[in-house]
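# Commentary on secondary and tertiary structure
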Amino acid sequence: MKADTDARRGGRYMFVCVLCTFVALSSSSSRAQQDPQREIRIGIARPGGGYTVQAFPLETYIARVLAGEAARDSRPAALEALAITIRTFALANRGRHNADGFDLCDTTHCQVMRTPNAAHERAAAVTAGNVLLRGGAPATVFYSASCGGQTEIPSAVWPGHEDPPYMPSQPDDACLGAPAWTAEIEGADLTRSLRAAGFRGDRLRDFRILSRDTSGRVARLRVAGFAPEEISGQDLRSVVGRTLGWQFIKSAAFELERIGDTYHFEGHGSGHGVGLCVIGSVNLAVSGRTATEILNRYFPGLEIGPPVILAAGAVAAARPSPSPPSPAAGAAVPNRTSSVPIPAPSSIALTLPDENEGERESITLLADQARTDIARALAVAAPPRVVVRFHPTTASYERATGQPWFTSGAVVGGELHLLPLAVLRERGVLERTIRHELVHVMADPLLRDRAAWVREGAAIYFAGRRPIPGEPEPAAYRQSRLSCPSDVDLLRPVSAGSLSNAFAGAVACFSRQVQVGKQWRDVR
């Protein structure tokens, strides 16, 4: 993401951050080709939807991303600094799209690729194998087109994300606040954008900035006339970008003024502003800074060097890197070792929109714990792998599932499809919906010949926790004498109210049989 030719010819370099020097390392092209970690699977977005999967040698991929993400006419030092950042992002996020059968995509959700030129290939080649290291492993890093003069902390963009000390919010005079931008958006277009994102309402009555974060960016805005009534500045950028185009609100560093039914934005910077500022790095290179100095400025405290990347769960020490045939004068060649444990793959394959990526770890843990709990309650084997997809908009969810906006989730082809994360949170049913759909994944195969009320009743009964709006509280299940709903009532509801009534009837019928001692598998 703006996290916003084979490059293996010749030698590669290890940057020693403390000494700020280059040490040439010999590298064999044939060995690189045999190493599966030197290849990466990329999903190339098709115009009509879906992806074409193609595997690239890692350094070829780095050169292509440089072509897509670097500023035009960048000096070598800026390209080398960005190449190391791109490689770090790629290795730290390898497998982000496991649910789709590849590692990373070629859109701004991951990293954009284009056809490289000689300068891009050279930058990839001379930095080959080197990444920003945290504890010997590739660090979590980001970069954007321009921070607008002040970098941002990750949690301000992705709530719940760690704010490591090496990615602070700090002034950056290198980018000179560029670019300055303005935009005018009609109230009707903002209304359309908010509704597409799952906000409920008919007309925007009041739209204004409520607060700013420590970087000066817009933290919260009031969107009166909709539920929820507030939105973050970063989410507004994504909401408008998806519906109207990304050329309107380029960053969350803006001023807002209403003129009639038109809203005038005036801002600076481009992208989320976390980590390396691409425009800033270009200006630093022009002033004579090296790639190492640029990276030290934007990622203070991180080391730069080659990690040891092994199979899942393995740990090994790297052999000391050999000295180059002719090191730079005065360069020290350290005897480095590093251990890089690569965690075993999770049983949850999670797909998230870009604005929610910072919550990947917490959502994965939540879903994995729910998977374990529900398998235990049902006394069935937990599925070894569950795909969980959060959609970026309600429209996307409706297209993928065929379900109306007032549902919360659905299982399609064995995968969990869920409404946007912000919508489920606003409804207060995030964990409840994940558990509900996981019951369907585990129980439905054993109940496939039963009426829909049996399957839905089991999902509501075993999901537990806070009910979906309209469902009865668990304590009321056994007292209810509601009749069992028809398949049509449950599978093709005409309104939120009718679905709530059908849910209440389904769990009442299911609970009555369980309360008299019948096993859940035998309810019919």
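The residue count restarts for each chain, going from 1 along the sequence in the order it is written. Since the coordinates come from a predicted model, pLDDT governs what is reported: local features require at least 70, and pairs of side-chain atoms require 80 or more to be given and counted, while whole-chain, interface and lining totals use all residues. Excluded from the side-chain calculations are hydrogens and water; all other atoms, namely the structure's heavy atoms, are used.

### So, the state of the cysteines
Two cysteine sulfurs form a disulfide in these notes if their separation is within 2.5 Å. For the structure shown, the criterion picks out 1 disulfide. Through a disulfide, Cys 484 is tied to Cys 509; the S-S separation comes to 2.1 Å. Linking Cys 484 and Cys 509, the disulfide has an S-S dihedral of approximately -120 degrees and is accordingly described as left-handed. Within this pair, whereas Cys 484 is found in the loop between helix 14 (452-463) and helix 15 (487-491), its partner Cys 509 is found in helix 16 (residues 496-515), the two being separated by 25 residues in sequence. Overall, the relative accessible area of 36% leaves Cys 484 in the partly exposed class. Take Cys 175: it sits in no disulfide, and the sulfur closest to it among the cysteines is that of Cys 147, at 3.8 Å. For Cys 277, which is in no disulfide, the shortest distance to another cysteine sulfur is to Cys 147 and amounts to 3.9 Å. Buried residues are those whose accessible area, probed at 1.4 Å on protein chains only, stays under 20% of the maximum for their type, while exposed residues exceed 50% and partly exposed ones sit between those limits. With a relative accessible area of 0%, Cys 277 lands in the buried category. Secondary structure elements follow DSSP: runs of H or I no shorter than four residues count as helices, runs of E no shorter than two count as strands, and numbering proceeds from the N terminus.

### A word on the pattern of salt bridges
Note on definitions: salt bridges are taken to be side-chain nitrogens of Lys or Arg within 4 Å of carboxyl oxygens of Asp or Glu. For the structure on display, the rule yields 23 salt bridges. Across the salt bridge formed by Glu 357 and Arg 96, the nearest N and O atoms sit 3.6 Å from each other. With Glu 357 in the loop between strand 17 (348-351) and helix 10 (360-378) and Arg 96 in the loop between helix 3 (76-92) and strand 5 (104-105), this pair connects stretches of sequence that are 261 residues apart. Linking Arg 389 and Glu 415 is a salt bridge whose minimum nitrogen-to-oxygen distance equals 2.7 Å. With Arg 389 in strand 18 (residues 386-390) and Glu 415 in strand 20 (residues 415-418), this residue pair connects regions lying 26 residues apart in the sequence.

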